[in-house]
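Below, each chain spelled out in residue letters.
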Amino acid sequence: MVLKRIAILVLVSFPGLSVTTFDVPSIAKQRAAMSATVQAVKDILPSLIPHAQKHSFTRRSALTLTVVTYDYRHVALNGLASMARFNMAPLWLCADDDIVAWLSTANLRCLRLRYDQNIPKFAALWHLRMVLAHELLKRGIDVFLVDSDALWLQDAMLTISKELAAPASAHVIAQRGSWPPDVSRALGATVCCGFMYLRSGAASIELLQRVVSYPHLAGFDDQVQLNQRIATFALPNDSRRYDPNPNNPNPNRHELSQAQLKSSVKWLSPPEQPPNMLKYVESTVVARVSFGRLNVSFLPHSTFPRLCEKRDVRTATMAHCFLEKNGTSKEDGLKASGLWFVTAELGKERQQLPKMADSIESVTPLALQKLGQHVLASTYMRSLKTGA
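Residues numbered from 1 in each chain as written. Predicted model: local features only at pLDDT ≥ 70, side-chain atom pairs only at ≥ 80, totals over all residues. Heavy atoms only, no water.

### Observations regarding the pairing of strand β4 (residues 89-94)
In plain terms, the rule: Exposure categories follow from relative accessible area, calculated using a 1.4 Å probe and restricted to protein chains: below 20% of the type maximum is buried, above 50% is exposed, and the middle band is partly exposed. Counting from the N terminus, the helices are DSSP H or I runs at least four residues long and the strands are E runs at least two residues long. When DSSP finds two or more bridges between two strands, those strands count as paired. A crossover gets the label right-handed when its path from the first strand over the helix to the second runs clockwise, viewed with the strands pointing away from the viewer.
When you tally the buried positions in β4, you get six out of six residues, the bulk of the element. Of the two faces of β4, the one holding A89, L91 and L93 and the one holding P90, W92 and C94 are both buried throughout. With four bridges connecting them, strand β3 (residues 61-68) and β4 associate as parallel partners. The residue bridging V68 from the neighbouring strand is C94, located in β4. Crossover connection from β3 via helix α2 (residues 73-84) to parallel β4: handedness right-handed. When β4 meets strand β5 (residues 111-112), the two strands line up parallel, connected through two bridges. The residue bridging L93 from the neighbouring strand is L111, located in β5.

And the structure:
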């Protein structure tokens, strides 16, 4: 049996950022933190790259990683269960010590991510995952970013494979979103980083290079930076300059506009609505758009929904529902929508984890057996400098 499997970068939707006050690190400290992140990523690459798999449909080498937090522990296992039904094996990256300890109670292992404590946690983690994706792309490995609450209801790789095989093969294939608002106003929709496939190539490598070069690490938001860099990819260089003031919360010099983008955006499929605007919730087909050398496929909201409250999402291919950003609200919302795949009644204590793992394995024993061999019980993680 040929497993339809790629090692997937499944990234948990991080809990929402509360409003806090902190001293903005100096540019020198932010640059030092960025350099440290790049080095930390390069240190773990030799252990990660061998786990890239060639998918039976695409025949491309790809790696999928999951960033997991303790607050999202139940959501992460639910996401794993949804993908395992299609023999998809996510590789987990742990963002805090509590999730490492919790997983260890069921003899499940993950790679502990380390980041500069002087930088706000989520900004540091968002930057780290973009650096990791960039380094993998440079080595010829595709990257699939899938949040743990992006739930697979059908085999989404059928759609991904079709876009990779299109005449103008996509460099970015993603669910639609509406953040950040400046790009959404200019284009009609945005790329959602919670379900996004990046094909290794010169254009995608350059895109990620621009993203990770953003100088204000303390305020880094990967979805903001990625979408702004996509939208301006074909524009003159001065449209990508930043305000050097580290205290400026919006250091981009130029507000995006339809007029500014009109000359740089080319439709590879029929425009969805004038003038050169994407649909969002009303979209029913893939929209293929070229930003100069960068081709982006925007997946339809009808089968890859983000706003789920007014529809039966169980008929979708993948549902990544916008819910309040904490683990309890995610869990309650997913259960209410019929998107809960872990059959056991889950407790809140660590001793419940083996019961949770058993309930997933009872649904997909072969997939989870392979998953355990490939990821969760992998001994290579024990030798990593940054490991748990």
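### Some points on the state of the cysteines
Two cysteines form a disulfide when their sulfur atoms are joined by a covalent bond. Let me state the cut-off plainly: Here, two cysteine sulfur atoms that lie within 2.5 Å of each other are counted as a disulfide.
Evaluation of the coordinates by the stated rule reveals one disulfide. Disulfide partner of C308: C321, at an S-S distance of 2.2 Å. One disulfide, between C308 and C321, carries an S-S torsion of -95° and so falls in the left-handed class. With C308 in the loop between β12 (294-298) and β13 (318-319) and C321 in the loop between β13 and α10 (327-336), this pair connects stretches of sequence that are 13 residues apart. Accessibility classification places C308 together with C321 in one group, the buried group.

### Observations concerning the nonpolar core
The test is simple: As used in this record, nonpolar core signifies buried Ala, Val, Leu, Ile, Met, Phe, Trp, Tyr and Cys residues forming a set joined through side-chain atoms within 4.5 Å. Any two residues having at least one pair of non-hydrogen atoms within 4.5 Å are treated as being in contact.
Membership of the largest hydrophobic core comes to 66 residues, with the highest contact counts inside it found for V172, V191, M196, L226, F291 and L294. The element that contributes the greatest number of residues to this core is helix α4 (residues 121-138), accounting for twelve residues. Excluding its chain neighbours within four sequence positions, the residues that come into contact with F291 are L187, I230, A231, F233, A234, S264, V265, V296 and F298. Formed by 20 residues, the second largest nonpolar core is a distinct cluster that contains M88, I160, I173 and M318.

### Comments concerning the pattern of salt bridges
Spelled out, the test is: For this document, the term salt bridge refers to a Lys or Arg side-chain nitrogen within 4 Å of an Asp or Glu carboxyl oxygen.
Scanning the model with the defined rule gives 13 salt bridges in all. R129 is the partner of D222 in a salt bridge, and the nearest nitrogen-oxygen pair spans 2.4 Å. You can see D222 sitting in helix α8 (residues 222-231) and its partner R129 sitting in helix α4, a full 93 residues away along the chain. Where D149 meets K330, a salt bridge forms, and the shortest distance between an N and an O atom there is 2.7 Å. Of this pair, D149 sits in the loop between β6 (142-146) and β7 (151-152) while K330 sits in helix α10; the two residues are 181 residues apart in sequence, bridging distant segments of the chain. Each of R129, D147 and D222 takes part in salt bridges that share partners, so that together they form one network.

### Quick notes on the pairing of β12
Across the five residues of β12, five count as buried, placing the element largely inside the fold. Going residue by residue along β12, you find L294, V296 and F298 tucked away on one face and N295 and S297 tucked away on the opposite face as well. As paired strands, strand β11 (residues 287-291) and β12 are joined by five bridges and run antiparallel to one another. Paired with R288 across the two strands is S297, which belongs to β12.

### Overview of the side chain of R306
Selection criterion: We score Asp and Glu as negative and Lys and Arg as positive, and we do not count His or the chain ends. Within 3.5 Å is the distance limit for a polar contact, defined as a pair of N or O atoms, with the added protein rule that one can donate a hydrogen and the other accept it, and that residues adjacent in sequence qualify only through two side-chain atoms.
With respect to the helices, strands and loops of the structure, R306 is situated in the loop between β12 and β13. No salt bridge forms around the buried R306; measuring N to O, its nearest opposite-charge neighbour D149 is 5.1 Å away. Within the local environment of R306, its side chain forms a polar contact with the backbone oxygen of H320, the two atoms lying 3.2 Å apart. Those residues in contact with R306, other than ones at most four positions away along the chain, are Q175, R176, C192, Y280, H301, H320, C321, F322 and K325.

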